[in-house]
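Notes for the structure review
What follows is each chain in one-letter form.
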Amino acid sequence: MNKNLVLAVAKRDLRSWFGNPASYVFVLLFAAVSCGVLMYSDAFFTNNLANLDTLNFTGAFPTFAAIAAVFVAAATMGMWSSERANGTQELLFTLPATDFELQLGKFVAYVAIYTAALAFTLVLPLVLMWLGNPDWGQLFANYVGYWLLGVMLVSVTTIGSQLTNSATISFLLSLLLGAAVLGLGGLFELLGLTKFAHIGPIGQFREFARGMLPASGFLLFGGLTATFFQ
């Protein structure tokens, strides 16, 4: 594998994405929505605990997972669709690189974009520190779960961008695919296999939210990322 080519493709996509001023607004919006949702719920104050539970455990579908699914789908919608729409895909494939290297370069770029957006939400632990005495071990596990979830979603939503040259359709397809993968645990419940519901992405996400670093979670998110990347 030619690492220089992979990095060159990644840098190209990063320059393109962050070259648009709207992208910075989008990243800040991701952090602002996360902060707003955390403290909007009455439970944040009635629980009287300095943690991220209102982001992690609200309803059957954790709020942060929904926010991340929308953000990642919107961020990656132009990964390949814009290349075809602008006629640059053919130029990209003239590079002395394999399809795997090109795909990996783009994947690295969008993982970096998600990581940068997630870094802006680190204001949340600072707010919690100001309001009380948070459990830093739990917060660390929370952010490990946030990052693994986002990386998996980047891999999943890549498929949506590969299927069309329309950014809008790519966004919708990516969002549907992301929601479908996140809902795997719910599918087990519908089939009556409630004992297996916890092995789905949301079930493992909640393990990280509780402050755990389960090997099963790393395996699941890593396995799904590798599967959809192919």
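Let me begin by describing the structure that accompanies this report.

Looking now at the overall build of the chain. A count of helical and extended segments in the chain gives 14 helices and 0 strands. Starting at the N terminus, the α and β elements of the chain follow one another as α-α-α-α-α-α-α-α-α-α-α-α-α-α. When each of the 230 residues of the chain is scored for burial, the buried share is 45%. Long-range contacts, defined here as pairs at least 24 residues apart, represent 71% of the contacts in the chain between residues at least 6 apart. Carbon and sulfur atoms form 69% of the exposed surface of the chain, whose accessible area is close to 11,400 Å².

On to the pattern of salt bridges, then. Scanning the entire structure with this criterion turns up 3 salt bridges. Of the charged contacts, one joins Arg12 and Asp13 as a salt bridge, the two residues approaching to 3.3 Å between their closest N and O atoms. Residue Lys106 pairs with Asp13 through a salt bridge whose shortest N-O separation is 2.8 Å. Remark: Asp13 occurs in helix H1 (residues 3-18) and Lys106 occurs in helix H8 (residues 99-120); sequence separation between them is 93 residues. The residues Lys106 and Asp13 share a single accessibility class, namely buried. Through salt bridges with shared partners, a single network forms among Arg12, Asp13 and Lys106.

Glancing now at the packing of H1 against H8. Where H1 meets H8, the closest approach of the two axes is 7 Å, and the angle between their N-to-C directions is 45 degrees. Between H1 and H8, the interaxial angle falls into the category oblique. Between H1 and H8 lies a crossing of right-handed hand. On H8, the residues that touch Leu5, Val6, Val9, Ala10, Arg12, Asp13, Leu14, Trp17 and Phe18 of H1 are Glu101, Leu102, Leu104, Gly105, Lys106, Val108, Ala109, Tyr110, Ala112, Ile113 and Ala116. For the contact of H1 with H8, the residue count by class is 15 nonpolar, 1 polar and 4 charged.

Turning our attention to the packing of helix H2 (residues 21-40) against helix H9 (residues 123-131). Two quantities define a packed helix pair, namely the angle between the axes and the distance from one axis to the other. Interaxial distance between H2 and H9 falls to 10 Å at its minimum, and their mutual angle equals 35 degrees. Across from Ser34, Cys35, Leu38 and Met39 in H2, the residues of H9 making contact are Val123, Leu124 and Val127. Along the lines of polarity and charge, the residues of the contact of H2 with H9 split into 6 nonpolar, 1 polar and no charged.

It is worth spelling out the nonpolar core at this point. Where a protein is soluble and globular, its nonpolar side chains tend to be buried together. Ranked by size, the top nonpolar core spans 51 residues in total, and within it Phe64, Tyr114, Tyr146, Leu149 and Met152 carry the most contacts. No other element matches the 11 residues that helix H10 (residues 136-162) contributes to this core. Residues within four places of Met152 in sequence aside, it is in contact with Val181, Leu182, Phe221, Leu224 and Thr225.

A word on the side chain of Thr76. Within the fold, Thr76 resides in helix H5 (residues 63-76). At a separation of 2.8 Å, a polar atom in the side chain of Thr76 contacts the main-chain carbonyl oxygen of Val72. A distance of 2.9 Å separates the side chain of Thr76 from the side chain of Thr157, its partner in a polar contact. When residues no more than four places from it in sequence are discounted, the contact partners of Thr76 are Tyr110, Thr157 and Ser161.

Rules of the game
- Residues numbered from 1 in each chain as written.
- Predicted model: local features only at pLDDT ≥ 70, side-chain atom pairs only at ≥ 80, totals over all residues.
- Heavy atoms only, no water.
- Helix = DSSP H or I, 4+ residues; strand = E, 2+ residues; numbered from the N terminus.
- Buried < 20%, exposed > 50% of the residue type's maximum accessible area, 1.4 Å probe, protein only.
- Contact = heavy atoms within 4.5 Å.
- Areas by Shrake-Rupley, 256 points an atom, 1.4 Å probe, with all protein chains shown as cover.
- Salt bridge = Lys/Arg side-chain N within 4 Å of Asp/Glu carboxyl O.
- Axes fitted to C-alpha atoms, helices over the stretch in contact; angles between N-to-C directions.
- Parallel < 35°, antiparallel > 145°, perpendicular 65-115°, else oblique.
- Left-handed = near helix turned anticlockwise from the far one by under 90°.
- Nonpolar A, V, L, I, M, F, W, Y, C, P; charged D, E, K, R; others polar.
- Core = buried A, V, L, I, M, F, W, Y, C linked by side-chain atoms within 4.5 Å.
- Polar contact = N/O pair within 3.5 Å; in protein donor to acceptor, adjacent residues only side chain to side chain.

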